[in-house]
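The lines below spell out each chain.
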Amino acid sequence: MEGGGGALGAPLAPRRPPRRSSAGGAARGGVAPPWLRRLLLFLQALGIRPDRPWRFAQLLLAYVAGWGWMIWSVAQALGKHPQVQPPCEWRAALWLVLLGAAHVVDFVGMWFLLRVKGLPSFWQGASPHTMALLGPILQENIASFAVLVLFYSVPIFFWMRESSPSDMRMYWASILGCSVSLFLHMALNSVSFDFQAVYMGRLQEDFCEGLRSGNLDVREAYAAHREVNRQRKTVFRFIELMLSVYSALCVLSMVVLCYDWSFMPWSHWSLIFFYCSLGSFFSFVAMRNWVKMNAWNDELLRQVAEATGGLGERELWTAEDRTAFLSYLRVTKHSLSIWETELDESFSIAMPSILFGIGFMFFELGEAHGWSGFSFDQRCGYGRHGHEGHMDMHHLY
């Protein structure tokens with residue numbers, strides 16, 4: 001078989017006496033719903049597996065076609081805007097092109113993660129454990145798909161209606177492209193990034209529970225932590241570059257959005273809506289699983305340090321063993337970083353602050369300094385600030 005890792009029929013935690021509260025780690029997810037079992041059997045019968053190169057090529061082609069169709073539809077609608085002259089409709093859709101490029105990078109990264117050797121892969125054997133993990137992931141992503149389609153379709157409707165109120169065919173075409181791309185993205189994400197994040201989260205929980213219950217002695221704890229750390233290191237090393245590129249393209253897309261809203265003639269309230277919504281998604285949703293996984297290092301250090309046997313609790317090993325294990329945890333710590341910055345809880349504060357600063361900078365440049373935008377945008381027309389309406393004709397010259 002291609003790809004890495006074997007079937008996940010084994011418990012997530014290292015071998016040790018079973019606990020009454022957990023039947024093999026991953027099984028805590030419950031029994032897979034019947035609809036999921038039928039779907040997987042159908043896909044296996046057709047041979048549709050995203051970890052096969054030629055199948056992925058088909059998925060990637062459909063995914064890129066969906067984004068391309070959506071961008072083309074938006075550009076065609078904007079070309080009918082009275083203040084957008086060809087080929088400036090493609091400049092107006094630049095933020096969407098950058099966002100699409102970011103998602104294509106993300107999509108390709110998800111497939112490559114399926115093929116990394118040494119990692120568990122859902123498609124290497126759909127055991128009850130793996131399906132119990134995948135069921136809740138799919139349900140969450142189905143809800144996310146519906147929310148994201150709605151998030152895109154409502155503001156883009158008003159933006160495109162202003163450009164071509166008498167012909168909304170391009171709007172429905174863009175919704176079709178958006179729906180195809182988002183569906184494929186959510187489906188592959190469910191068996192790739194989200195699956196790895198949930199699987200490793202369960203693995204980490206199982207390890208911590210073993211320490212709390214006293215089922216792990218010192219030797220077993222070292223062995224179990226090495227296995228957890230090996231998988232963390234493998235995943236982090238793979239996705240760091242991909243997340244850095246994805247994040248850079250997303251932030252650049254949001255900067256173009258804010259700039260267009262502030263200065264360009266196709267300014268519309270939907271642009272600042274997208275800017276705020278994309279910023280919120282990127283800050284609070286997109287990285288949440290990886291932030292939680294990074295936080296596990298500090299939580300584990302605190303758990304071991306506090307297991308001194310006070311207040312009637314069981315003492316974890318001897319003081320010497322705990323001290324040595326704490327030193328080992330600090331030395332072997334592996335965390336996920338973006339742009340050489342470790343992802344932690346401060347990310348959800350730092351990122352909105354940066355985006356607010358960008359918006360305030362454009363506002364200040366326009367209001368206090370009279371800046372009308374970059375010179376290379378001159379042929380597409382300078383607008384007044386988006387919150388004041390569209391340009392006056394003297395801004396063109």
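Quantities reported herein were computed from a predicted structural model and do not represent experimental measurements.

**Considerations on the side chain of Ser192**
For step 1, the next point in the chain: Within the secondary structure layout, Ser192 lies in the loop between helix 6 (169-191) and helix 7 (193-213).
For step 2, the next point in the chain: Not counting the four nearest positions on each side in its chain, Ser192 is found in contact with Met110, Leu113 and Leu114.

**Observations regarding the packing of aromatic side chains**
For step 1, the next point in the chain: Going through the model one piece at a time under the given rule, you end up with 33 aromatic pairs.
For step 2, the next point in the chain: Each ring, one from Phe263 and one from Phe362, has its centre 5.9 Å from the other, and the planes form 85 degrees; the classification is edge-to-face. Of this pair, Phe263 sits in helix 8 (residues 218-263) while Phe362 sits in helix 12 (residues 347-367), and the two are 99 residues apart along the sequence.
For step 3, the next point in the chain: Phe263 sits in the buried class, given a relative accessible area of 0%.
For step 4, the next point in the chain: The buried category is assigned to Phe362, whose relative accessible area is 6%.
For step 5, the next point in the chain: Through a chain of ring-to-ring contacts, three or more aromatic side chains come together here, namely Trp95, Phe151, Tyr152, Phe157, Phe158, Trp159, Tyr171, Trp172, Trp269, Phe273 and Phe274.

**Some words on helix 8**
For step 1, the next point in the chain: With 46 residues, helix 8 ought to run about 68 Å at 1.5 Å a step, and its terminal C-alpha atoms sit 63 Å apart, in line with that.
For step 2, the next point in the chain: The largest bend along helix 8 reaches roughly 35 degrees and is located at Ile239.
For step 3, the next point in the chain: Between a side-chain oxygen at the N-terminus of helix 8 and the backbone nitrogen of Arg219 the separation is 3.2 Å; the capping residue is Asp217.

**Details of the side chain of Arg232**
For step 1, the next point in the chain: Topologically, Arg232 is positioned in helix 8.
For step 2, the next point in the chain: One buried charge, Arg232, has no salt-bridge partner; the nearest side chain with opposite charge is Glu342, at 7.5 Å.
For step 3, the next point in the chain: A distance of 2.8 Å separates a polar atom in the side chain of Arg232 from the backbone oxygen of Met293.
For step 4, the next point in the chain: With sequence-adjacent residues up to four places away left out, Arg232 is seen in contact with Met200, Gln204, Met293, Asn294, Trp296, Asn297 and His334.

**Some remarks on the packing of helix 7 against helix 8**
For step 1, the next point in the chain: Between helix 7 and helix 8, the least distance of the axes is 11 Å, while the angle of their chain directions is 155 degrees. With respect to their mutual orientation, helix 7 and helix 8 come out roughly antiparallel. As for how helix 7 packs across helix 8, the hand of that crossing is left-handed. Residues Phe193, Gln196, Tyr199, Met200, Leu203, Gln204, Phe207 and Leu211 of helix 7 pack against Ala221, Ala224, His225, Val228, Gln231, Arg232, Val235, Ile239 and Met242 of helix 8.

Conventions used here
Residues numbered from 1 in each chain as written. Predicted model: local features only at pLDDT ≥ 70, side-chain atom pairs only at ≥ 80, totals over all residues. Heavy atoms only, no water. Helix = DSSP H or I, 4+ residues; strand = E, 2+ residues; numbered from the N terminus. Contact = heavy atoms within 4.5 Å. Phe/Tyr/Trp six-rings, centres within 6.5 Å; stacked < 30°, edge-to-face > 60°. Buried < 20%, exposed > 50% of the residue type's maximum accessible area, 1.4 Å probe, protein only. Expected span 1.5 Å × (residues − 1). Bend = angle between axes of the 7 residues up to and from the residue. Polar contact = N/O pair within 3.5 Å; in protein donor to acceptor, adjacent residues only side chain to side chain. Lys, Arg positive; Asp, Glu negative; His and termini not counted. Salt bridge = Lys/Arg side-chain N within 4 Å of Asp/Glu carboxyl O. Axes fitted to C-alpha atoms, helices over the stretch in contact; angles between N-to-C directions. Parallel < 35°, antiparallel > 145°, perpendicular 65-115°, else oblique. Left-handed = near helix turned anticlockwise from the far one by under 90°.

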